[in-house]
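# Working through the structure, step by step
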Amino acid sequence: MREIVSRTGPARRWLRWRERPALRVPPGADDVENASRRFLMYGVLPLWFVPSVADWVMHRRTRIEETSGVRESAVHALMMTEAGVPVVAALVAKVNPLVLSLMGGAAVAHGATAVWDVTLASQERELRPIEQHIHSFLEVLPLSAAAFTACLHWDQVRAGLRRGGGGPDDWRLVPKEQPLPAGYLAAIAAAVGAFVVLPYAEEMLRCVRAERRG
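Residues numbered from 1 in each chain as written. Predicted model: local features only at pLDDT ≥ 70, side-chain atom pairs only at ≥ 80, totals over all residues. Heavy atoms only, no water.

## Notes on the nonpolar core
To be explicit about the condition: The nonpolar core is taken to be a set of buried Ala, Val, Leu, Ile, Met, Phe, Trp, Tyr and Cys residues, with the residues joined through side-chain atoms within 4.5 Å. Working definition: with a 1.4 Å probe on protein chains only, accessible area under 20% of the residue-type maximum means buried, over 50% means exposed, and in between means partly exposed. By definition, any uninterrupted DSSP run of H or I lasting at least four residues is a helix, any uninterrupted run of E lasting at least two residues is a strand, and each is numbered from the N terminus. Residue contacts follow a heavy-atom distance rule, with two residues in contact if any of their heavy atoms lie within 4.5 Å.
Ranked by size, the top nonpolar core spans 27 residues in total, and within it L45, W48, L91, V99, M103, L180 and Y184 carry the most contacts. For this core, the element with the most residues is helix α7 (residues 129-152), which contributes 6 residues. Discounting chain neighbours no more than four positions away, the residues touching L91 are L45, K176, L180, Y184, L185 and I188.

Structure (structure tokens):
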């Protein structure tokens, strides 16, 4: 089966990716693999939304639109993109050396951008201790997601480290052999829209309006 799939072009596989049986974690499974997958899907990823909303609240309380404004809000949008792109890839694509490299590189880039964000914000507005503590959660979650994913796909980590001899799909973006349940993907998409996109779009809108007034 895998040989047939590997010979099919990536584009054709993407067109038919939902036709395969979905990957489901048995509710009572307590083996390490299923427990790690359950925690990654229903723990690490949803936890991202809590500090994200809390950080937005702190920005409102310190009136970001009157201080660092559009510039800092744009940095927030950049960090959300750095975290969001590898998440989408890991949710819908086969976890291979390409996706693992994307996750690792994005986690490093996200951490570096977070330092830039704090440096910029500290010069323009009050950074309360609780906001800095919220930042620590936002910085560690991408690393946690990358670490858990690497543990679940150690064979792909080794494939990325060895020189040559890898499979044809190691460095291509191809759909999962067993896609995640459609209901789960829809719930994550709705949560991202409600708890990430909408709050920070509102923040950017406030900053743009304040800049025009000022």
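## What to know about the packing of aromatic side chains
The condition that has to hold: Pairing of aromatic rings covers Phe, Tyr and Trp, the last counted by its six-membered ring, and requires centre-to-centre distances within 6.5 Å; plane angles under 30 degrees mean stacked, over 60 mean edge-to-face, and any other angle means tilted.
Evaluated as defined, the whole model comprises 4 aromatic pairs. Taking 5.3 Å as the distance between ring centres and 55 degrees as the angle between the ring planes, the aromatic pair formed by F39 and F148 counts as tilted. With F39 in helix α3 (residues 32-47) and F148 in helix α7, the pair connects residues that are 109 residues apart, well separated along the chain. Of the residues examined, F148 reaches a relative accessible area of 26% and is grouped as partly exposed. Measuring from ring centre to ring centre gives 6.1 Å for F49 and F195, while their planes differ by 40 degrees; the resulting arrangement is tilted. Within this pair, whereas F49 is found in helix α4 (residues 49-61), its partner F195 is found in helix α9 (residues 182-213), the two being separated by 146 residues in sequence. According to the relative accessible area criterion, F195 is partly exposed, its value standing at 40%. Among the aromatic side chains, those forming a connected cluster through ring pairs are W48, F49 and F195.

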